[in-house]
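# Understanding the architecture of this molecule
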Amino acid sequence: ESTLGAAAAQSDRYFGVAIASGRLGDSVYTNIANREFNSVTAENEMKIDATQPQRGQFNFTAGDRVYNWAVQNGKQVRGHTLAWHSQQPGWMQSLSGGELRQAMIDHINGVMTHYRGRIVEWDVVNEAFADGGSGARRDSNLQRTGNDWIEVAFRTARAADPAAKLCYNDYNVENWNAAKTQAMYAMVRDFKQRGVPIDCVGFQAHFNEGNPYNSNFRTTLESFAALGVDVSVTELDIQGASPTTYANVTNDCLAVARCVGITVWGVRDSDSWRSHHTPLLFNNDGSKKPAYDAVLNALNGG
Ligand code: G3I
């Protein structure tokens, strides 16, 4: 196959991209995105600050722009993200305790009801573990509402849209030996044992000097899959865009039956949140980088 999406579809996987609504008027951008990818994640437009800027007043204008572009072009959509310590609107940042807990529940219900039945998988909770070697939860206003906030979010999400797969998503959890990875693993195992509704785990896979790719990523994907969840690579970008590393990540996903797809976090380097890392698959002029060929070749079984 000659595009990433078609090549991934050969093994019933998707190959997705983060889309920014502000770039949908750029035809170089939309031509590549439409040609190459068959899954879309809104880079910012379905986050809490975008979808509920004032308490109780939901706004899906930008989220729907991304959603409609994706669906009109035949792509599935990943929802990102419902409960997160970052990109909270001001009104939520100032809440705590029971009020914040209820606001989280209301937010999940509001957004998931709007997109009910239309989103394949949702990142219900994002980035809840601390960096470094502690293996602890990240301190945040949500965490301070009680350690059970994550399972409450998942139970709320299941009821709001029973058709959606419910994911936990985090970064720097690709290396099997990292404390953060092990802490996330213990949580997912506990959720599965206790029947907390979780269907999938997203590995953001922002690889850089601080979080280098390690070949034990495949062990990580296999280990989580063995708990009975789907796994996916949700925000892939690699500092310097080494073709070898891109191929390795692709082959790691292909090696794990429950790795359902890969999403890269932007189209061209100039679209990246870390554009100075030149981490993506396309040059600023829209041409394909060597990393693109490496990924396509891997997806085609090379
Ligand atoms: O839209 C405003 C614009 O009106 C304003 O003029 C401008 C001035 O700074 O800011 C614009 O908002 C920016 C937004 O991106 C849209 O471009 C925010 O400042 C900026 O903080 C925001 O960054 C996003 C970041 O999440 C915020 O946490 C990145 O685009 C986005 O790629 C990044 O994505 C995250 C994932 O959601 C979770 N995992 C990590 C990943 C990378 O940080």
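Residues numbered from 1 in each chain as written. Predicted model: local features only at pLDDT ≥ 70, side-chain atom pairs only at ≥ 80, totals over all residues. Heavy atoms only, no water.

Identification of the protein chain as Beta-xylanase from Streptomyces chisholmiae is taken from an unreviewed UniProt entry.

### Regarding helix α7 (residues 149–160)
The following threshold applies: Numbering goes from the N terminus for both helices and strands, where a helix is a DSSP run of H or I of at least four residues and a strand is a run of E of at least two. Expected helix span is taken as 1.5 Å per residue step, with the number of steps being one fewer than the number of residues. Exposure categories follow from relative accessible area, calculated using a 1.4 Å probe and restricted to protein chains: below 20% of the type maximum is buried, above 50% is exposed, and the middle band is partly exposed. Throughout, a residue-residue contact means that at least one pair of heavy atoms, one from each residue, lies within 4.5 Å.
Compared with an ideal rise of 1.5 Å per residue, which puts twelve residues at 16 Å, α7 spans 16 Å between its outermost C-alpha atoms and is within 8% of the ideal. Within α7, nine of the twelve residues are buried, which leaves it mostly tucked inside the rest of the structure. What α7 keeps buried is the set Trp149, Ile150, Glu151, Val152, Ala153, Phe154, Thr156, Ala157 and Ala160. The inward-facing, buried residues of α7 abut β3 (76–84), α6 (97–114), β4 (121–126), β5 (165–170) and α8 (179–194).

### Quick look at the packing of α6 against α7
Note the threshold: Structural elements are reduced to axes, namely lines fitted to C-alpha atoms, with helices fitted over the stretch in contact, and the angle between N-to-C directions of any two is expressed from 0 to 180 degrees. Note on angle classes: values under 35 degrees are labelled roughly parallel, values over 145 roughly antiparallel, values of 65 to 115 roughly perpendicular, and the remainder oblique. Left-handed is the label given to a crossing in which the near helix is rotated counterclockwise from the far helix by less than a right angle, and right-handed is the label when the rotation is clockwise. Side-chain classes follow a simple rule in which Ala, Val, Leu, Ile, Met, Phe, Trp, Tyr, Cys and Pro form the nonpolar group, Asp, Glu, Lys and Arg form the charged group, and the remainder, Gly included, forms the polar group.
At a minimum axis distance of 9 Å, the contact between α6 and α7 shows a crossing angle of 30°. Taken together, α6 and α7 sit at an angle that is classed as roughly parallel. Here the hand of the crossing between α6 and α7 comes out right-handed. Touching Arg101, Met104, Ile105, Ile108, Asn109 and Met112 of α6 are Trp149, Val152, Ala153, Thr156, Ala157 and Ala160, all from α7. For the contact of α6 with α7, the class distribution of residues is nine nonpolar, two polar and one charged.

### Considerations on the UniProt feature "active site" (unreviewed entry) in the protein chain
We apply this condition: UniProt positions are given in the numbering used here, feature names are shortened, and annotations may be inferred rather than shown by experiment. Within 3.5 Å is the distance limit for a polar contact, defined as a pair of N or O atoms, with the added protein rule that one can donate a hydrogen and the other accept it, and that residues adjacent in sequence qualify only through two side-chain atoms.
UniProt tags Glu235 as "active site" (unreviewed entry). As for its placement among the helices and strands, Glu235 is situated in strand β8 (residues 230–238). Judged by relative accessible area, Glu235 falls into the buried class, the value being 5%. Aside from chain neighbours lying at most four places away, what touches Glu235 is His80, Asn169, Phe203, Gln204, Ala205, His206, Thr263 and Trp265. Within polar-contact distance, the side chain of Glu235 engages the side chain of Asn169 at 3.2 Å.

### Describing the site of the ligand
Worth spelling out the cut-off: One heavy atom within 4 Å of a molecule or strand is enough for the residue carrying it to be called near that molecule or strand. With residues, only the protein chains shown are counted as cover, and all accessible areas are computed by Shrake-Rupley using a 1.4 Å probe.
Glu43, Lys47, His80, Glu127 and Glu235 are the nearest of the 13 residues found near the ligand. Within the contact set of the ligand, a nitrogen atom lies 2.9 Å away from a side-chain nitrogen or oxygen of Gln204. In the environment of the ligand, an oxygen atom lies 2.9 Å from a nitrogen or oxygen atom belonging to the side chain of Trp265. The protein chains hide 45% of the 780 Å² of surface that the ligand would expose on its own. Among the residues making up the shell around the ligand, the classes are represented as three nonpolar, six polar and four charged.

### Description of the environment of Ala164
Here Ala164 is to be found in the loop between α7 and β5. Along the backbone, Ala164 and Met112 are 52 residues apart, and their C-alpha atoms lie at a distance of 9.0 Å. Contact partners of Ala164, with chain neighbours within four places excluded, come to Met112, Ile119, Val120, Trp122, Arg158 and Asp199.

### Considerations on the pattern of salt bridges
Stated formally: Salt-bridge detection follows one rule: a side-chain nitrogen of Lys or Arg within 4 Å of a carboxyl oxygen of Asp or Glu.
Applying the stated criterion to the full structure yields 18 salt bridges. A salt bridge links Asp170 to Lys180, with the shortest nitrogen-to-oxygen separation between them at 3.5 Å. Linking Asp170 in strand β5 with Lys180 in helix α8, this pair joins segments that are ten residues apart in sequence. For the pair formed by Asp170 and Lys180, the shared burial category is buried. Sharing partners across several salt bridges, the network here consists of Arg23, Asp26, Arg268 and Asp271.

### Brief notes about the packing of aromatic side chains
Operational definition: Pairing of aromatic side chains here covers Phe, Tyr and the six-membered ring of Trp, requires ring centres within 6.5 Å, and sorts the geometry by plane angle: under 30 degrees stacked, over 60 edge-to-face, intermediate tilted.
Scanning the entire structure with this criterion turns up 15 aromatic pairs. Summarising the aromatic geometry, the rings of Phe60 and Tyr115 are spaced 5.6 Å apart at their centres and angled 85° between planes, so their arrangement reads as edge-to-face. Of this pair, Phe60 sits in the loop between α3 (48–51) and α4 (61–72) while Tyr115 sits in the loop between α6 and β4, and the two are 55 residues apart along the sequence. Exposure remark for Tyr115: the relative accessible area of 0% places this residue in the buried category. Centroid distance Trp176 to Tyr185: 5.2 Å. Interplanar angle 85°. Geometry classified as edge-to-face.

### Brief notes about the state of the cysteines
Stated precisely, the cut-off is as follows: In plain terms, two cysteine sulfur atoms within 2.5 Å form what is called a disulfide here.
Scanning the entire structure with this criterion turns up two disulfides. Put simply, Cys167 and Cys200 are joined by a disulfide, and their sulfur atoms are 2.1 Å apart. Its S-S torsion of approximately -90° makes the covalent link between Cys167 and Cys200 left-handed. Placement of Cys167 in strand β5 and of Cys200 in strand β6 (residues 200–203) is noted, with a sequence separation of 33 residues between them. Summarising the burial analysis for this pair, Cys167 and Cys200 share the class buried. Sulfur-sulfur distance for the disulfide between Cys253 and Cys259 comes to 2.1 Å. Given an S-S torsion of about -100°, the disulfide between Cys253 and Cys259 has left-handed geometry.

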